[in-house]
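# Understanding the architecture of this molecule
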Amino acid sequence: MADTDRTSAKAGTGFVRRIGQFQASAINMSQMVGIGPFITIPAMVLAFGGPQAIIGWAAGAVLALADGLIWAELGASLPGAGGSYIYLREAFQYRTGRLMPFLFTWTAMLFIPLIMSTGVAGFVQYLTYLWPSMSEGQGDLVGLAMCVAVVALLWRRIESIGKLASLLWVIMIISVACVIIASFTHFNAADAFTYPAHAFALGSGKFWLGFASGLTIGIYDYLGYNTTAYMGAEIKNPGRVLPRSIIYAIFGVMTIYLLMQIGTLGVVNWKDMIDPSNPASQSVAAVVLEKVWGKTTADVITVLILITAFTSVFAGLLGGSRVPYDAARDKVFFKQFGRLHPKHRFPTLSLLAMGVITAAAFLLSRHVGTSAKTPPLTVLITFLTTVMVIVQSFAQIAAVTVLRRRQPDLKRPYRMWLYPLPSIVALVGWLSVYVFADKNNPGLHPIEWSLGWVALGGIAFLIWAKLEHTWPFGPKEIREQFRHAPEGADGTEQRDPQEAV
(Lines give C-alpha, C1' and ligand atoms only; values in the text may rest on other atoms or scores of the structure.)
Protein backbone atom coordinates (compact mmCIF):
# COMPACT_ATOMS: atom_id res chain seq x y z
CA MET A 1 0.00 0.00 0.00
CA ALA A 2 1.33 3.49 -0.87
CA ASP A 3 2.21 5.96 1.88
CA THR A 4 -0.79 8.20 1.30
CA ASP A 5 -3.27 5.38 1.20
CA ARG A 6 -1.80 3.91 4.40
CA THR A 7 -2.23 7.27 6.16
CA SER A 8 -5.84 7.51 5.03
CA ALA A 9 -6.53 4.01 6.26
CA LYS A 10 -5.04 4.76 9.68
CA ALA A 11 -7.06 7.95 9.97
CA GLY A 12 -10.19 6.01 9.02
CA THR A 13 -11.34 8.59 6.51
CA GLY A 14 -11.39 6.52 3.34
CA PHE A 15 -10.12 9.61 1.46
CA VAL A 16 -6.80 9.97 -0.36
CA ARG A 17 -4.62 13.11 -0.16
CA ARG A 18 -4.17 14.11 -3.79
CA ILE A 19 -5.06 17.83 -4.00
CA GLY A 20 -1.98 20.07 -4.15
CA GLN A 21 -1.37 23.78 -3.61
CA PHE A 22 -2.47 25.07 -7.02
CA GLN A 23 -5.59 22.93 -7.15
CA ALA A 24 -6.53 23.84 -3.56
CA SER A 25 -6.15 27.57 -4.22
CA ALA A 26 -8.07 27.19 -7.50
CA ILE A 27 -10.96 25.44 -5.73
CA ASN A 28 -11.19 28.25 -3.16
CA MET A 29 -10.96 31.04 -5.73
CA SER A 30 -13.49 29.37 -8.03
CA GLN A 31 -15.98 29.18 -5.18
CA MET A 32 -15.27 32.76 -4.05
CA VAL A 33 -15.72 34.54 -7.38
CA GLY A 34 -18.57 32.73 -9.06
CA ILE A 35 -21.39 34.96 -10.28
CA GLY A 36 -21.36 37.09 -7.09
CA PRO A 37 -19.40 40.22 -8.09
CA PHE A 38 -21.03 40.40 -11.52
CA ILE A 39 -24.45 40.57 -9.88
CA THR A 40 -23.73 42.35 -6.59
CA ILE A 41 -21.77 45.37 -7.86
CA PRO A 42 -25.04 47.31 -8.41
CA ALA A 43 -26.35 46.06 -5.05
CA MET A 44 -23.23 47.35 -3.32
CA VAL A 45 -23.61 50.76 -4.99
CA LEU A 46 -27.25 50.85 -3.92
CA ALA A 47 -26.34 50.03 -0.30
CA PHE A 48 -23.90 52.95 -0.05
CA GLY A 49 -25.68 55.31 -2.43
CA GLY A 50 -22.69 56.06 -4.65
CA PRO A 51 -19.22 55.02 -5.80
CA GLN A 52 -18.03 55.01 -2.19
CA ALA A 53 -19.31 51.42 -2.38
CA ILE A 54 -15.65 50.46 -2.60
CA ILE A 55 -15.80 50.59 1.22
CA GLY A 56 -17.98 47.49 1.19
CA TRP A 57 -15.46 45.43 -0.75
CA ALA A 58 -12.63 46.58 1.51
CA ALA A 59 -14.62 45.82 4.68
CA GLY A 60 -15.59 42.42 3.32
CA ALA A 61 -11.93 41.65 2.62
CA VAL A 62 -10.93 42.57 6.19
CA LEU A 63 -13.63 40.30 7.64
CA ALA A 64 -12.75 37.49 5.23
CA LEU A 65 -9.05 37.71 6.11
CA ALA A 66 -9.69 37.80 9.87
CA ASP A 67 -12.06 34.86 9.63
CA GLY A 68 -9.75 33.13 7.15
CA LEU A 69 -6.92 33.15 9.69
CA ILE A 70 -9.23 31.33 12.09
CA TRP A 71 -9.95 28.72 9.45
CA ALA A 72 -6.24 28.46 8.64
CA GLU A 73 -5.21 27.60 12.20
CA LEU A 74 -8.06 25.18 12.76
CA GLY A 75 -7.69 23.54 9.35
CA ALA A 76 -3.93 23.07 9.64
CA SER A 77 -4.14 21.49 13.10
CA LEU A 78 -7.33 19.43 12.49
CA PRO A 79 -7.02 18.37 8.82
CA GLY A 80 -9.99 16.06 8.44
CA ALA A 81 -13.08 15.82 6.23
CA GLY A 82 -15.82 18.12 7.46
CA GLY A 83 -14.24 21.48 8.33
CA SER A 84 -16.22 23.26 11.03
CA TYR A 85 -17.84 20.01 12.12
CA ILE A 86 -14.46 18.71 13.29
CA TYR A 87 -13.39 22.00 14.86
CA LEU A 88 -16.56 22.33 16.95
CA ARG A 89 -16.52 18.67 17.89
CA GLU A 90 -12.95 18.84 19.18
CA ALA A 91 -13.39 22.16 21.01
CA PHE A 92 -16.76 21.76 22.73
CA GLN A 93 -16.92 18.04 23.51
CA TYR A 94 -15.68 18.66 27.05
CA ARG A 95 -18.82 20.52 28.21
CA THR A 96 -21.66 19.86 25.77
CA GLY A 97 -20.80 16.49 24.29
CA ARG A 98 -21.90 16.24 20.68
CA LEU A 99 -24.30 19.20 20.72
CA MET A 100 -22.20 21.64 18.72
CA PRO A 101 -21.17 19.29 15.89
CA PHE A 102 -24.80 18.12 15.64
CA LEU A 103 -26.09 21.71 15.41
CA PHE A 104 -23.43 22.60 12.87
CA THR A 105 -24.34 19.66 10.65
CA TRP A 106 -28.01 20.56 11.05
CA THR A 107 -27.42 24.15 9.92
CA ALA A 108 -24.83 23.23 7.28
CA MET A 109 -27.36 21.05 5.50
CA LEU A 110 -29.27 24.30 4.96
CA PHE A 111 -26.77 27.14 4.62
CA ILE A 112 -24.30 25.38 2.30
CA PRO A 113 -27.01 24.66 -0.29
CA LEU A 114 -28.29 28.22 0.21
CA ILE A 115 -24.86 29.50 -0.78
CA MET A 116 -24.87 27.23 -3.82
CA SER A 117 -28.37 28.32 -4.80
CA THR A 118 -27.18 31.94 -5.04
CA GLY A 119 -24.88 30.81 -7.83
CA VAL A 120 -27.83 29.16 -9.58
CA ALA A 121 -30.01 32.27 -9.12
CA GLY A 122 -27.22 34.50 -10.40
CA PHE A 123 -26.69 32.24 -13.40
CA VAL A 124 -30.36 32.49 -14.38
CA GLN A 125 -30.46 36.25 -13.80
CA TYR A 126 -27.36 36.87 -15.90
CA LEU A 127 -28.64 34.59 -18.65
CA THR A 128 -31.37 37.17 -19.30
CA TYR A 129 -28.74 39.30 -21.06
CA LEU A 130 -28.44 36.59 -23.73
CA TRP A 131 -32.05 35.46 -23.46
CA PRO A 132 -34.12 38.58 -22.63
CA SER A 133 -37.45 36.88 -23.41
CA MET A 134 -36.88 34.07 -20.91
CA SER A 135 -40.04 33.42 -18.89
CA GLU A 136 -40.19 32.65 -15.18
CA GLY A 137 -40.97 29.00 -15.87
CA GLN A 138 -38.10 28.70 -18.32
CA GLY A 139 -35.79 30.25 -15.73
CA ASP A 140 -36.91 27.64 -13.20
CA LEU A 141 -36.11 24.84 -15.63
CA VAL A 142 -32.68 26.29 -16.42
CA GLY A 143 -31.81 26.45 -12.72
CA LEU A 144 -32.95 22.89 -12.09
CA ALA A 145 -30.96 21.63 -15.09
CA MET A 146 -27.87 23.37 -13.73
CA CYS A 147 -28.22 21.60 -10.37
CA VAL A 148 -28.50 18.21 -12.10
CA ALA A 149 -25.44 18.94 -14.25
CA VAL A 150 -23.29 19.90 -11.24
CA VAL A 151 -24.14 16.70 -9.36
CA ALA A 152 -23.45 14.64 -12.48
CA LEU A 153 -20.00 16.22 -12.91
CA LEU A 154 -19.14 15.60 -9.26
CA TRP A 155 -20.01 11.91 -9.61
CA ARG A 156 -16.38 10.92 -10.27
CA ARG A 157 -12.92 10.43 -8.73
CA ILE A 158 -11.46 13.31 -6.68
CA GLU A 159 -8.29 13.64 -8.78
CA SER A 160 -10.44 14.14 -11.90
CA ILE A 161 -12.37 16.83 -10.04
CA GLY A 162 -9.13 18.59 -9.07
CA LYS A 163 -8.10 18.78 -12.73
CA LEU A 164 -11.56 19.94 -13.78
CA ALA A 165 -11.57 22.60 -11.05
CA SER A 166 -8.23 23.91 -12.34
CA LEU A 167 -9.64 24.15 -15.89
CA LEU A 168 -12.75 25.98 -14.69
CA TRP A 169 -10.50 28.28 -12.64
CA VAL A 170 -8.70 29.29 -15.84
CA ILE A 171 -12.06 30.11 -17.47
CA MET A 172 -13.00 32.17 -14.41
CA ILE A 173 -9.76 34.15 -14.59
CA ILE A 174 -10.30 34.84 -18.30
CA SER A 175 -13.85 36.14 -17.74
CA VAL A 176 -12.97 38.50 -14.90
CA ALA A 177 -9.78 39.62 -16.65
CA CYS A 178 -11.78 40.61 -19.73
CA VAL A 179 -14.14 42.74 -17.66
CA ILE A 180 -11.24 44.40 -15.83
CA ILE A 181 -9.25 45.07 -19.03
CA ALA A 182 -12.32 46.43 -20.82
CA SER A 183 -13.06 48.72 -17.87
CA PHE A 184 -9.64 50.27 -17.65
CA THR A 185 -9.22 50.77 -21.40
CA HIS A 186 -12.21 53.17 -21.28
CA PHE A 187 -11.84 54.36 -17.69
CA ASN A 188 -13.24 57.72 -16.60
CA ALA A 189 -11.78 58.67 -13.21
CA ALA A 190 -14.38 61.39 -12.67
CA ASP A 191 -17.20 58.83 -12.64
CA ALA A 192 -15.34 56.42 -10.36
CA PHE A 193 -14.13 58.95 -7.79
CA THR A 194 -16.79 61.67 -7.69
CA TYR A 195 -18.87 61.10 -4.57
CA PRO A 196 -22.30 62.49 -3.62
CA ALA A 197 -22.72 64.87 -0.70
CA HIS A 198 -22.35 63.32 2.76
CA ALA A 199 -20.99 60.10 1.26
CA PHE A 200 -18.65 59.63 4.23
CA ALA A 201 -20.86 60.99 7.03
CA LEU A 202 -19.60 58.66 9.74
CA GLY A 203 -21.87 60.25 12.34
CA SER A 204 -24.98 59.33 10.35
CA GLY A 205 -27.06 56.27 11.18
CA LYS A 206 -27.85 55.94 7.48
CA PHE A 207 -24.15 55.47 6.70
CA TRP A 208 -23.74 52.63 9.20
CA LEU A 209 -26.94 50.93 8.06
CA GLY A 210 -25.59 51.06 4.53
CA PHE A 211 -22.22 49.87 5.78
CA ALA A 212 -23.78 46.80 7.44
CA SER A 213 -25.70 46.03 4.25
CA GLY A 214 -22.56 46.47 2.16
CA LEU A 215 -20.54 44.31 4.55
CA THR A 216 -23.14 41.54 4.20
CA ILE A 217 -22.89 41.72 0.41
CA GLY A 218 -19.11 41.91 0.59
CA ILE A 219 -18.61 38.91 2.86
CA TYR A 220 -21.07 36.92 0.75
CA ASP A 221 -18.90 37.60 -2.30
CA TYR A 222 -15.80 36.44 -0.40
CA LEU A 223 -17.41 33.26 0.93
CA GLY A 224 -15.64 30.18 -0.33
CA TYR A 225 -12.16 30.95 1.01
CA ASN A 226 -12.75 28.02 3.38
CA THR A 227 -13.84 25.40 0.83
CA THR A 228 -10.65 23.36 1.10
CA ALA A 229 -11.03 23.21 4.89
CA TYR A 230 -14.03 20.93 4.32
CA MET A 231 -11.70 18.71 2.26
CA GLY A 232 -8.87 18.52 4.80
CA ALA A 233 -8.61 14.73 4.45
CA GLU A 234 -7.99 15.09 0.70
CA ILE A 235 -5.33 17.85 0.81
CA LYS A 236 -1.67 16.91 0.41
CA ASN A 237 0.49 18.26 3.24
CA PRO A 238 -2.50 20.12 4.78
CA GLY A 239 -0.44 21.86 7.48
CA ARG A 240 1.21 23.88 4.72
CA VAL A 241 -1.16 23.76 1.74
CA LEU A 242 -4.47 24.45 3.51
CA PRO A 243 -3.55 27.78 5.22
CA ARG A 244 -1.85 29.03 2.06
CA SER A 245 -4.83 28.09 -0.11
CA ILE A 246 -7.05 30.25 2.13
CA ILE A 247 -4.74 33.26 2.35
CA TYR A 248 -3.72 33.18 -1.32
CA ALA A 249 -7.35 32.97 -2.39
CA ILE A 250 -8.45 35.91 -0.21
CA PHE A 251 -5.72 38.25 -1.43
CA GLY A 252 -6.16 37.15 -5.02
CA VAL A 253 -9.91 37.62 -5.04
CA MET A 254 -9.66 40.90 -3.10
CA THR A 255 -7.50 42.29 -5.90
CA ILE A 256 -9.99 41.07 -8.51
CA TYR A 257 -12.99 42.59 -6.70
CA LEU A 258 -11.39 45.98 -6.13
CA LEU A 259 -10.31 46.22 -9.76
CA MET A 260 -13.75 45.16 -10.98
CA GLN A 261 -15.62 47.61 -8.76
CA ILE A 262 -13.42 50.59 -9.58
CA GLY A 263 -13.26 49.66 -13.27
CA THR A 264 -17.00 49.31 -13.80
CA LEU A 265 -17.66 52.59 -11.96
CA GLY A 266 -15.28 54.24 -14.42
CA VAL A 267 -17.34 53.04 -17.41
CA VAL A 268 -20.96 52.87 -16.20
CA ASN A 269 -22.44 55.77 -14.25
CA TRP A 270 -23.35 54.63 -10.75
CA LYS A 271 -26.86 56.07 -11.07
CA ASP A 272 -27.52 53.69 -13.98
CA MET A 273 -26.55 50.77 -11.76
CA ILE A 274 -29.34 51.51 -9.28
CA ASP A 275 -32.01 52.24 -11.91
CA PRO A 276 -34.20 49.08 -12.15
CA SER A 277 -35.12 49.91 -15.75
CA ASN A 278 -31.48 50.12 -16.85
CA PRO A 279 -29.72 46.91 -18.03
CA ALA A 280 -26.72 47.87 -15.89
CA SER A 281 -28.72 47.07 -12.74
CA GLN A 282 -28.96 43.40 -13.83
CA SER A 283 -25.93 42.72 -16.03
CA VAL A 284 -23.38 45.43 -15.35
CA ALA A 285 -20.39 43.45 -16.64
CA ALA A 286 -22.13 42.74 -19.93
CA VAL A 287 -23.00 46.44 -20.29
CA VAL A 288 -19.35 47.35 -19.73
CA LEU A 289 -18.20 44.86 -22.36
CA GLU A 290 -20.81 45.99 -24.85
CA LYS A 291 -19.84 49.64 -24.44
CA VAL A 292 -16.15 48.92 -24.92
CA TRP A 293 -15.93 46.00 -27.36
CA GLY A 294 -19.42 45.67 -28.88
CA LYS A 295 -22.36 43.31 -28.51
CA THR A 296 -20.75 40.22 -30.07
CA THR A 297 -17.76 40.27 -27.75
CA ALA A 298 -20.05 40.98 -24.80
CA ASP A 299 -22.11 37.91 -25.66
CA VAL A 300 -19.04 35.67 -25.86
CA ILE A 301 -17.60 36.80 -22.54
CA THR A 302 -21.03 36.60 -20.92
CA VAL A 303 -20.92 32.88 -21.72
CA LEU A 304 -17.63 32.69 -19.83
CA ILE A 305 -19.25 34.53 -16.92
CA LEU A 306 -22.02 31.93 -16.88
CA ILE A 307 -19.39 29.19 -16.82
CA THR A 308 -17.83 31.00 -13.86
CA ALA A 309 -21.19 30.87 -12.05
CA PHE A 310 -21.40 27.17 -12.76
CA THR A 311 -17.87 26.74 -11.41
CA SER A 312 -18.78 28.31 -8.06
CA VAL A 313 -21.65 25.88 -7.51
CA PHE A 314 -19.43 23.00 -8.60
CA ALA A 315 -16.65 23.86 -6.14
CA GLY A 316 -19.05 24.58 -3.29
CA LEU A 317 -20.92 21.29 -3.50
CA LEU A 318 -17.59 19.50 -3.84
CA GLY A 319 -16.45 20.73 -0.42
CA GLY A 320 -19.81 21.03 1.31
CA SER A 321 -20.88 17.46 0.62
CA ARG A 322 -18.04 16.26 2.89
CA VAL A 323 -19.67 17.81 6.01
CA PRO A 324 -22.60 15.42 6.62
CA TYR A 325 -20.37 12.51 5.59
CA ASP A 326 -17.90 13.18 8.39
CA ALA A 327 -20.71 13.77 10.89
CA ALA A 328 -22.38 10.48 10.00
CA ARG A 329 -19.06 8.63 10.17
CA ASP A 330 -18.66 9.99 13.69
CA LYS A 331 -22.22 8.91 14.60
CA VAL A 332 -23.58 12.44 14.98
CA PHE A 333 -25.82 12.35 11.91
CA PHE A 334 -27.87 9.84 9.98
CA LYS A 335 -25.64 6.85 9.25
CA GLN A 336 -26.74 6.71 5.60
CA PHE A 337 -24.74 9.90 4.96
CA GLY A 338 -21.52 8.13 5.96
CA ARG A 339 -21.25 5.98 2.86
CA LEU A 340 -18.67 6.55 0.11
CA HIS A 341 -19.03 5.53 -3.50
CA PRO A 342 -17.34 2.10 -3.70
CA LYS A 343 -15.28 3.02 -6.76
CA HIS A 344 -14.82 6.79 -6.85
CA ARG A 345 -14.64 7.40 -3.07
CA PHE A 346 -16.97 10.38 -2.66
CA PRO A 347 -19.98 10.72 -0.28
CA THR A 348 -22.98 9.73 -2.40
CA LEU A 349 -26.01 10.60 -0.27
CA SER A 350 -24.46 13.86 0.98
CA LEU A 351 -23.89 15.03 -2.56
CA LEU A 352 -27.39 14.07 -3.68
CA ALA A 353 -29.09 15.62 -0.64
CA MET A 354 -27.29 18.95 -0.97
CA GLY A 355 -27.99 19.00 -4.70
CA VAL A 356 -31.72 18.57 -4.02
CA ILE A 357 -31.77 21.24 -1.29
CA THR A 358 -29.88 23.64 -3.58
CA ALA A 359 -32.51 23.19 -6.27
CA ALA A 360 -35.38 23.62 -3.79
CA ALA A 361 -33.85 26.78 -2.28
CA PHE A 362 -33.42 28.25 -5.76
CA LEU A 363 -37.08 27.67 -6.61
CA LEU A 364 -38.39 28.96 -3.26
CA SER A 365 -36.30 32.15 -3.47
CA ARG A 366 -37.87 33.02 -6.81
CA HIS A 367 -41.40 32.75 -5.41
CA VAL A 368 -40.66 34.33 -1.99
CA GLY A 369 -38.71 37.12 -3.68
CA THR A 370 -41.63 37.86 -6.00
CA SER A 371 -44.16 38.09 -3.16
CA ALA A 372 -41.87 40.23 -0.99
CA LYS A 373 -40.68 42.34 -3.94
CA THR A 374 -37.14 41.27 -3.14
CA PRO A 375 -34.69 39.87 -5.72
CA PRO A 376 -34.10 36.11 -5.28
CA LEU A 377 -30.37 36.67 -4.79
CA THR A 378 -31.03 39.08 -1.90
CA VAL A 379 -33.42 36.61 -0.27
CA LEU A 380 -30.81 33.86 -0.39
CA ILE A 381 -27.91 36.03 0.82
CA THR A 382 -29.97 37.27 3.75
CA PHE A 383 -30.99 33.86 5.02
CA LEU A 384 -27.71 32.06 4.44
CA THR A 385 -25.67 34.66 6.37
CA THR A 386 -27.96 34.71 9.40
CA VAL A 387 -28.22 30.91 9.59
CA MET A 388 -24.46 30.49 9.14
CA VAL A 389 -23.36 33.11 11.68
CA ILE A 390 -24.90 31.60 14.84
CA VAL A 391 -23.49 28.08 14.85
CA GLN A 392 -20.49 28.34 12.54
CA SER A 393 -18.97 31.82 12.71
CA PHE A 394 -19.48 32.71 16.38
CA ALA A 395 -18.74 29.22 17.69
CA GLN A 396 -15.65 28.81 15.53
CA ILE A 397 -14.16 32.04 16.82
CA ALA A 398 -14.52 30.64 20.33
CA ALA A 399 -13.16 27.25 19.21
CA VAL A 400 -9.67 28.66 18.51
CA THR A 401 -9.30 29.88 22.09
CA VAL A 402 -10.93 26.79 23.61
CA LEU A 403 -8.59 24.45 21.74
CA ARG A 404 -5.50 26.44 22.69
CA ARG A 405 -6.46 25.96 26.32
CA ARG A 406 -7.85 22.42 26.18
CA GLN A 407 -5.23 20.95 23.81
CA PRO A 408 -2.10 23.08 24.20
CA ASP A 409 0.11 20.28 22.86
CA LEU A 410 -1.91 19.86 19.65
CA LYS A 411 0.38 20.12 16.63
CA ARG A 412 -0.24 23.49 14.98
CA PRO A 413 1.72 23.78 11.71
CA TYR A 414 0.14 27.23 11.36
CA ARG A 415 -0.70 29.59 14.21
CA MET A 416 -2.90 32.63 13.71
CA TRP A 417 -1.03 35.88 13.16
CA LEU A 418 -1.46 38.53 15.91
CA TYR A 419 -3.71 36.30 18.02
CA PRO A 420 -6.31 37.17 19.36
CA LEU A 421 -6.78 40.31 17.19
CA PRO A 422 -8.18 38.46 14.13
CA SER A 423 -10.74 36.73 16.36
CA ILE A 424 -11.90 40.09 17.74
CA VAL A 425 -12.14 41.65 14.27
CA ALA A 426 -14.09 38.65 12.98
CA LEU A 427 -16.48 38.77 15.95
CA VAL A 428 -17.25 42.48 15.42
CA GLY A 429 -17.76 41.93 11.71
CA TRP A 430 -20.11 38.97 12.05
CA LEU A 431 -22.09 40.75 14.78
CA SER A 432 -22.60 43.70 12.42
CA VAL A 433 -23.90 41.39 9.70
CA TYR A 434 -26.30 39.64 12.07
CA VAL A 435 -27.64 42.50 14.17
CA PHE A 436 -28.60 44.65 11.16
CA ALA A 437 -30.14 41.78 9.15
CA ASP A 438 -33.77 42.58 10.02
CA LYS A 439 -33.42 46.34 9.45
CA ASN A 440 -31.83 45.85 6.06
CA ASN A 441 -34.45 43.27 4.99
CA PRO A 442 -37.88 44.42 6.21
CA GLY A 443 -40.56 41.78 5.94
CA LEU A 444 -38.23 38.79 5.71
CA HIS A 445 -37.39 38.44 9.46
CA PRO A 446 -34.09 36.61 8.90
CA ILE A 447 -33.00 36.79 12.57
CA GLU A 448 -36.21 35.19 13.78
CA TRP A 449 -36.07 32.44 11.16
CA SER A 450 -32.43 31.68 11.94
CA LEU A 451 -33.12 31.44 15.67
CA GLY A 452 -36.11 29.21 14.96
CA TRP A 453 -34.03 26.88 12.80
CA VAL A 454 -31.34 26.56 15.48
CA ALA A 455 -33.98 25.96 18.18
CA LEU A 456 -35.52 23.23 16.04
CA GLY A 457 -32.04 21.73 15.72
CA GLY A 458 -31.71 21.75 19.50
CA ILE A 459 -34.95 19.79 19.84
CA ALA A 460 -33.78 17.34 17.19
CA PHE A 461 -30.52 16.89 19.10
CA LEU A 462 -32.33 16.08 22.34
CA ILE A 463 -34.43 13.44 20.58
CA TRP A 464 -31.34 11.96 18.92
CA ALA A 465 -29.31 12.04 22.17
CA LYS A 466 -32.10 10.26 24.03
CA LEU A 467 -32.16 7.49 21.44
CA GLU A 468 -28.36 7.21 21.37
CA HIS A 469 -27.99 7.43 25.19
CA THR A 470 -25.39 10.16 24.92
CA TRP A 471 -25.05 13.52 26.70
CA PRO A 472 -27.24 14.87 28.28
CA PHE A 473 -28.87 11.43 28.63
CA GLY A 474 -25.61 9.52 28.93
CA PRO A 475 -21.87 9.94 29.39
CA LYS A 476 -19.74 12.30 27.32
CA GLU A 477 -17.29 10.70 24.94
CA ILE A 478 -14.04 12.66 24.89
CA ARG A 479 -12.13 11.94 21.68
CA GLU A 480 -8.99 13.94 21.03
CA GLN A 481 -8.55 12.48 17.56
CA PHE A 482 -5.86 14.86 16.28
CA ARG A 483 -3.98 15.40 19.53
CA HIS A 484 -2.27 12.04 19.15
CA ALA A 485 -2.75 11.56 15.41
CA PRO A 486 -0.57 9.05 13.52
CA GLU A 487 2.33 10.36 11.47
CA GLY A 488 1.12 12.04 8.33
CA ALA A 489 -2.43 12.74 9.55
CA ASP A 490 -1.58 16.03 11.21
CA GLY A 491 -0.23 17.95 8.27
CA THR A 492 3.19 16.44 7.65
CA GLU A 493 4.43 15.98 4.11
CA GLN A 494 2.57 13.33 2.13
CA ARG A 495 3.53 11.63 -1.13
CA ASP A 496 1.18 10.96 -4.01
CA PRO A 497 0.63 7.22 -4.51
CA GLN A 498 1.90 7.48 -8.10
CA GLU A 499 5.05 9.19 -6.88
CA ALA A 500 5.60 6.41 -4.34
CA VAL A 501 5.73 3.74 -7.02
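Heads up: the structure comes first, above all this text.
Residues numbered from 1 in each chain as written. Predicted model: local features only at pLDDT ≥ 70, side-chain atom pairs only at ≥ 80, totals over all residues. Heavy atoms only, no water.

## Overview of the overall build of the protein chain
A tally of helices and strands in the protein chain yields 21 helices and zero strands. Residue burial in the protein chain is summarised as follows: out of 501 residues, 60% are buried. If you take every contact in the protein chain between residues at least 6 apart in sequence, the share linking residues at least 24 apart comes to 82%. Accessible surface, the protein chain: about 19200 Å² in total, of which carbon and sulfur atoms supply 66%. (Helix = DSSP H or I, 4+ residues; strand = E, 2+ residues; numbered from the N terminus. Buried < 20%, exposed > 50% of the residue type's maximum accessible area, 1.4 Å probe, protein only. Contact = heavy atoms within 4.5 Å. Areas by Shrake-Rupley, 256 points an atom, 1.4 Å probe, with all protein chains shown as cover.)

## Observations concerning empty space enclosed by the protein
Under the definition given, this model contains six cavities of 30 Å³ or more. One number sums up the size of the largest cavity: a volume of about 140 Å³. Taken together, 15 residues make up the lining of the largest cavity; nearest its centre are Gln31, Ile115, Asn226, Thr227 and Tyr230. Per element, the largest residue contribution to the lining of the largest cavity is four residues, and it comes from helix α6 (residues 99–127). A breakdown of the residues in the lining of the largest cavity according to their chemical character gives seven nonpolar, eight polar and no charged. (1 Å grid on protein atoms, 1.4 Å probe; cavity = no way out; pocket = protein on both sides within 12 Å on 5 of 7 lines; lining within 4 Å. Points joined across faces, edges and corners; volume = space filled by probe spheres on them. Nonpolar A, V, L, I, M, F, W, Y, C, P; charged D, E, K, R; others polar.)

## Observations regarding the pattern of salt bridges
Throughout the structure, instances matching the rule amount to six salt bridges. Arg98 is the salt-bridge partner of Glu477, the closest N and O atoms lying 2.7 Å from each other. Of the two residues, Glu477 sits in the loop between α20 (446–468) and α21 (497–500) while Arg98 sits in the loop between α5 (84–96) and α6, which places them 379 residues apart along the sequence. The exposure class assigned to Glu477 is partly exposed, which follows from its relative accessible area of 44%. Of the charged contacts, one joins Asp299 and Lys295 as a salt bridge, the two residues approaching to 2.7 Å between their closest N and O atoms. Separated by four residues within a single helix, Asp299 and Lys295 lie in helix α14 (residues 295–320), roughly one turn from each other. Relative accessible area serves as the criterion here: at 38%, Lys295 is assigned to the partly exposed category. By sharing partners, the salt bridges in this structure join Glu73, Arg404 and Arg412 into a single network. (Salt bridge = Lys/Arg side-chain N within 4 Å of Asp/Glu carboxyl O.)

## Side note on helix α2 (residues 21–33)
Since one α-helical turn is 3.6 residues long, residues separated by three or four positions face the same way. Here α2 spans 18 Å end to end across 13 residues, near enough to the 18 Å set by a 1.5 Å rise per residue. Along α2, 11 of the 13 residues are buried, which leaves the element largely enclosed by surrounding structure. Taken residue by residue, α2 has Gln23, Ala24, Ser25, Ala26, Ile27, Asn28, Met29, Ser30, Gln31, Met32 and Val33 as its buried positions. At the exit of α2 stands Gly34, carrying a positive phi of roughly 50°. (Expected span 1.5 Å × (residues − 1).)

## Brief notes about a nonpolar patch on the surface
A cluster of nonpolar residues, Trp417, Leu418, Leu421, Ile424 and Val428, forms a patch on the protein surface that exposes about 540 Å² of accessible area. Its place among the elements puts Leu421 in helix α18 (residues 421–435). The exposure class of Leu421 is partly exposed, given its relative accessible area of 45%. (Patch = residues over 30% accessible without salt bridge, like charges linked within 9 Å, V, L, I, M, F, W, Y side chains within 5 Å.)

## Section: the environment of Thr194
Structurally, the position occupied by Thr194 is in the loop between α9 (189–193) and α10 (205–222). Between the alpha carbons of Thr194 and Pro51 there is a distance of 7.3 Å; along the sequence they are 143 residues apart. Within the structure, the side chain of Thr194 is placed 2.4 Å from the backbone oxygen of Ala190, a separation counted as a polar contact. (Polar contact = N/O pair within 3.5 Å; in protein donor to acceptor, adjacent residues only side chain to side chain.)

## Observations concerning the nonpolar core
Core analysis: the biggest nonpolar cluster contains 161 residues, and Phe38, Phe104, Phe111, Tyr126, Tyr222, Tyr225 and Trp430 have the highest contact counts within it. Those residues in contact with Tyr225 that lie beyond four places of it in its chain are Asn28, Met32, Ala64, Asp67, Gly68, Trp71, Ile219, Ile246, Ile250 and Trp430. (Core = buried A, V, L, I, M, F, W, Y, C linked by side-chain atoms within 4.5 Å.)

## Focus: the environment of Leu242
Positionally, Leu242 belongs in helix α11 (residues 238–265). Since its relative accessible area comes to 0%, Leu242 is described here as buried.

## Observations regarding helix α13 (residues 284–293)
Most of α13 sits inside the fold, with seven of its 10 residues counted as buried. What α13 keeps buried is the set Val284, Ala285, Ala286, Val287, Val288, Leu289 and Val292.

## Section: unusual backbone geometry
Excluding glycine, a negative phi dihedral is what most residues carry, and trans is how most peptide bonds are arranged. Each neighbour pair has its own omega, and for Tyr419 with Pro420 the value is 5°, a cis peptide bond. Its location among the elements puts Pro420 in the loop between α17 (376–406) and α18. Non-glycine residue His198 carries a positive phi angle of around 65°. Position of His198 among the secondary structure elements: in the loop between α9 and α10. Phi at Asn237 takes a positive value of approximately 45°, unusual for a residue other than glycine. Looking at the element boundaries, Asn237 is found in the loop between α10 and α11. Asn237 gets classed as buried once you look at its relative accessible area, which sits at 9%.

## Side note on the packing of aromatic side chains
To describe a pair of aromatic rings, one takes the distance between the centres and the angle between the planes. Scanning all chains against the criterion turns up 18 aromatic pairs. An angle of 65° between the planes, with centres 6.3 Å apart, marks the rings of Phe38 and Tyr126 as edge-to-face. Of the two residues, Phe38 sits in helix α3 (residues 36–48) while Tyr126 sits in helix α6, which places them 88 residues apart along the sequence. On the accessibility criterion, Phe38 (0% relative accessible area) is buried. (Phe/Tyr/Trp six-rings, centres within 6.5 Å; stacked < 30°, edge-to-face > 60°.)

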